Amino acid sequence: TSINRIAECCPNMKVLNLMGCDRVTDISVIKLAECCHNIQILNLTFCAKLTDDSIIKIAESCHDIKVLDISYCRNITDMSILKVAECCHNLKHLYIPGCRNLTDLGMIKLAECCPDLRTLYISYCHNVTNASILKVAECCLSIKFLNVSG
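Residues numbered from 1 in each chain as written. Predicted model: local features only at pLDDT ≥ 70, side-chain atom pairs only at ≥ 80, totals over all residues. Heavy atoms only, no water.

### Topic: the overall build of the chain
When helices and strands are counted, the chain shows six helices and six strands. Ordering the α and β elements of the chain from the N terminus gives α-β-α-β-α-β-α-β-α-β-α-β. Computed over C-alpha atoms, the radius of gyration of the chain comes to 14 Å, within 12% of the 15 Å expected from 2.2 N^0.38 for 150 residues, which places it in the range of a compact globule. Its C-alpha atoms put the chain at 45 × 25 × 20 Å along the principal axes. Burial statistics for the chain: of 150 residues in total, 47% are counted as buried. Put simply, of all contacts in the chain between residues at least 6 apart along the chain, 78% involve residues at least 24 apart. Working note: accessible area of the chain is about 7100 Å², and carbon and sulfur atoms make up 55% of it. Measuring between centres, the 15 positive side-chain charges of the chain sit 5 Å from its 15 negative side-chain charges. (Helix = DSSP H or I, 4+ residues; strand = E, 2+ residues; numbered from the N terminus. Rg over C-alpha atoms; globule rule 2.2 N^0.38 Å. Buried < 20%, exposed > 50% of the residue type's maximum accessible area, 1.4 Å probe, protein only. Contact = heavy atoms within 4.5 Å. Areas by Shrake-Rupley, 256 points an atom, 1.4 Å probe, with all protein chains shown as cover. Lys, Arg positive; Asp, Glu negative; His and termini not counted. Charge placed at Lys NZ, Arg CZ, Asp CG, Glu CD.)

Below, the structure is given as structure tokens:
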């Protein structure tokens with residue numbers, strides 16, 4: 001696929017925007033993570049076919065990621081957020097609105113492990129409760145933008 005070829009030819013890529021590429025699959029994103037360890041900004045908004053496999057591989061391979069946008073990737077669960085929290089300590093901006101399978105489990109771990117988080121959009125994540133918001137307020141002292149609408 002095109003994404004596989006980009007991954008192979010551009011190992012030093014730092015920014016990639018795949019917003020709305022609804023045919024992108026885990027296979028392509030995993031290949032991207034394996035080849036492009038320097039990614040700092042990744043937008044996967046509305047990449048509806050992606051699962052935890054993709055996000056976990058990104059977290060494991062792209063430790064310097066600063067901006068991750070997985071908005072409306074509805075197959076993403078706490079497994080992804082737990083791995084991001086564990087591996088991506090430089091994360092500054094996380095966009096996860098519409099990821100309806102997320103719960104306090106992942107969000108609390110994220111707040112604890114990514115204290116330098118500045119932006120967090122978790123609107124329309126109906127299983128995330130006040131406990132997560134309080135933990136973000138307690139741990140992420142650099143937070144500037146917090147969106148919990150919906």
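So, next bit.
### Focus: unusual backbone geometry
Positive phi values are uncommon outside glycine, yet Tyr 72 reaches one of about 60 degrees. The residue Tyr 72 is located in the loop between β3 (67–69) and α4 (78–87) in this model. For Tyr 124, which is not glycine, the phi torsion reads 60 degrees and is therefore positive. Turning to its location among the elements, Tyr 124 is positioned in the loop between β5 (119–121) and α6 (130–139). Given a relative accessible area of 36%, Tyr 124 falls into the partly exposed group.

### What about the packing of aromatic side chains?
The tally for this structure, following the rule as stated, stands at two aromatic pairs. Both rings, one in Tyr 95 and one in Tyr 121, keep their centres 5.2 Å apart while their planes meet at 35 degrees; by these two values the pair is tilted. Placement of Tyr 95 in strand β4 (residues 93–95) and of Tyr 121 in strand β5 is noted, with a sequence separation of 26 residues between them. Relative accessible area serves as the criterion here: at 29%, Tyr 121 is assigned to the partly exposed category. (Phe/Tyr/Trp six-rings, centres within 6.5 Å; stacked < 30°, edge-to-face > 60°.)

### So, the nonpolar core
Ranked by size, the top nonpolar core spans 46 residues in total, and within it Leu 44, Leu 91, Ile 96 and Leu 110 carry the most contacts. Looking at this core, the elements that each hand over two or more residues are α1 (2–9), α2 (26–35), α3 (52–61), α4 and α5 (104–113). With residues near it in sequence (within four places) discarded, Ile 96 still touches Ile 70, Ser 71, Ile 81, Leu 102, Met 107, Leu 120, Tyr 121, Ile 122 and Cys 125. (Core = buried A, V, L, I, M, F, W, Y, C linked by side-chain atoms within 4.5 Å.)

### Focus: the packing of α4 against α5
Taken N-terminus to C-terminus, the directions of α4 and α5 make an angle of 10 degrees; their axes are 8 Å apart at the nearest point. Considering their axes alone, α4 and α5 lie roughly parallel with respect to each other. On α5, the residues that touch Asp 78, Ile 81, Leu 82, Val 84 and Ala 85 of α4 are Leu 105, Gly 106, Met 107, Lys 109, Leu 110 and Cys 113. Here the residues of the contact of α4 with α5 sort into eight nonpolar, one polar and two charged. (Axes fitted to C-alpha atoms, helices over the stretch in contact; angles between N-to-C directions. Parallel < 35°, antiparallel > 145°, perpendicular 65-115°, else oblique. Nonpolar A, V, L, I, M, F, W, Y, C, P; charged D, E, K, R; others polar.)

### Quick word on α4
Counted residue by residue, α4 has seven buried out of ten residues, so it is predominantly covered. Those residues of α4 lying buried are Asp 78, Ser 80, Ile 81, Lys 83, Val 84, Ala 85 and Cys 87. Summarising the contacts, the buried residues of α4 are in contact with α3, β3, β4 and α5.

### Describing the packing of α5 against α6
Packing of α5 against α6 leaves a shortest axis separation of 8 Å and a crossing angle of 5 degrees. Comparing the axis directions of α5 and α6 gives the class roughly parallel. Every residue of α6 that contacts α5 at Asp 104, Met 107, Ile 108, Ala 111 and Glu 112 is listed here: Ala 131, Ser 132, Lys 135, Val 136 and Cys 139.

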